[in-house]
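Observations on the model geometry
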Amino acid sequence: MRLLCSPTSPFSSKVRMAARHLGIKLEEIHVDTNAGPTLLIDNNPLGKIPTLLTGDGEAIFDSRAIMHYFDRREGGLYPSKRGRRTEIEVLEALIDGTNECLLSIVYERRLREPEKQHQPWIDRQWTKVSRALTHLDAEPPKIGKKLHAGHFALASLIGYLQLRFEGQWEGDYAGLTDWARKFEKHFPDFPAMKPQV
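Because the structure is predicted, anything quoted here is derived from the model rather than measured.

1. What to know about the overall build of the protein
Helices and strands together make up the secondary structure of the protein, namely eight helices and four strands. Its helices and strands in sequence order give the protein the pattern β-α-β-α-β-β-α-α-α-α-α-α, from N to C terminus. Each of the three principal axes of the protein carries a C-alpha extent, and together these read 50 × 40 × 30 Å. By residue count, 44% of the 197 residues in the protein fall in the buried class.

2. A look at the pattern of salt bridges
For the structure on display, the rule yields eleven salt bridges. Of the charged contacts in the structure, one is a salt bridge between Lys14 and Asp96, with a shortest N-O distance of 3.0 Å. Residue Lys14 is found in helix 1 (residues 10-22), and its partner Asp96 is found in helix 4 (residues 82-111); the two are separated by 82 residues along the sequence. Assigned by exposure class, Lys14 and Asp96 land together as buried. We note a salt bridge from Asp71 to Arg85, for which the minimum N-O separation is 3.4 Å. Of this pair, Asp71 sits in helix 3 (residues 63-74) while Arg85 sits in helix 4, and the two are 14 residues apart along the sequence. Ionic contacts of the salt-bridge type, sharing partners, join the residues Lys14, Arg64, Glu92 and Asp96 into one network.

3. Let's talk about the packing of helix 5 (residues 119-138) against helix 7 (residues 174-186)
Contact pair helix 5 / helix 7: the axes reach a minimum separation of 8 Å and the direction vectors enclose 55°. Considered as vectors, helix 5 and helix 7 are oriented oblique to each other. Crossing hand, helix 5 versus helix 7: left-handed. Mapping the contact onto sequence places Leu133, Leu136 and Asp137 in helix 5 and Ala174, Gly175 and Leu176 in helix 7.

4. Overview of the pairing of strand 1 (residues 2-5)
As paired strands, strand 1 and strand 2 (residues 27-30) are joined by four bridges and run parallel to one another. What sits directly across from Cys5, in strand 2, is His30. With respect to chirality, the unit in which strand 1 leads through helix 1 into the neighbouring parallel strand 2 is right-handed. In the sheet, strand 1 pairs with strand 3 (residues 51-53) via three bridges, with the strands oriented antiparallel. Bridged to Leu4 within strand 3 is Thr51.

5. Points about the nonpolar core
Within the largest apolar cluster, 49 residues are counted, with the highest numbers of intra-cluster contacts made by Phe70, Leu77, Phe152 and Phe183. Among the elements of the structure, strand 1, helix 1, helix 3, helix 4, helix 5, helix 6 (149-164), helix 7 and helix 8 (190-193) are those that each provide at least two residues to this core. Broken down by element, this core gets its largest block of residues, nine residues, from helix 6. Beyond its immediate chain neighbours, meaning those up to four positions away, Leu77 contacts Ala18, Leu22, Met67, Phe70, Asp71, Ile88, His148, Ala149 and Phe152. One finds Leu4, Val31, Leu40 and Leu53 within the second-largest nonpolar core, a separate group that totals six residues.

6. A look at the UniProt feature "domain: GST N-terminal" (unreviewed entry) in the protein
When the UniProt feature table is mapped to this numbering, "domain: GST N-terminal" (unreviewed entry) covers residues 1-78. In the segment residues 1-78, helix accounts for 40% and strand for 17%; the C-alpha atoms at its two ends are 21 Å apart.

The rules behind the values
Residues numbered from 1 in each chain as written. Predicted model: local features only at pLDDT ≥ 70, side-chain atom pairs only at ≥ 80, totals over all residues. Heavy atoms only, no water. Helix = DSSP H or I, 4+ residues; strand = E, 2+ residues; numbered from the N terminus. Buried < 20%, exposed > 50% of the residue type's maximum accessible area, 1.4 Å probe, protein only. Salt bridge = Lys/Arg side-chain N within 4 Å of Asp/Glu carboxyl O. Axes fitted to C-alpha atoms, helices over the stretch in contact; angles between N-to-C directions. Parallel < 35°, antiparallel > 145°, perpendicular 65-115°, else oblique. Left-handed = near helix turned anticlockwise from the far one by under 90°. Contact = heavy atoms within 4.5 Å. Pairing = 2+ DSSP bridges. Right-handed = clockwise from strand over helix to strand, strands pointing away. Core = buried A, V, L, I, M, F, W, Y, C linked by side-chain atoms within 4.5 Å. UniProt positions renumbered as here; feature names shortened; annotations may be inferred.

In structure tokens form, the structure reads like this:
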């Protein structure tokens, strides 16, 4: 299977970590979404990553759809009990939404001239991020014997914060930095697979 992805993307990171955990071999193809490469556009009309190309010719996107595909194929990313599964799915949705807010801030700062950036909009996105981080810091997913989708989602979020927002969050959310250290003990590949340049 081939994964169209980017090493800086938190959504790509989540999928890559989950695949590594499950023993799913992926050929990673790094793409620049801004360039709109044909391989990506032909397989995902939205031109977004990650996009998984299966051996059967299927194109699967977005990251949550890929995670569920992995779970149906190998099992282990989502609990079998309905209530617990819903809890993990909601956690993943919260984290993915937080990453979307962070990406919006990065794009606003990177793609617009400073005088055209809309600071109130950036502030509104950061307010959402702060609420989510406060919730996650107070109630991070417990790390037991089995890792699940929520663990990989949170690890990718923390990795993205470390990459793009260094020095802007750590002091307020020490619980999340502690959680990342615990996660790394259970998933030693975290430093190499978290979002990075």
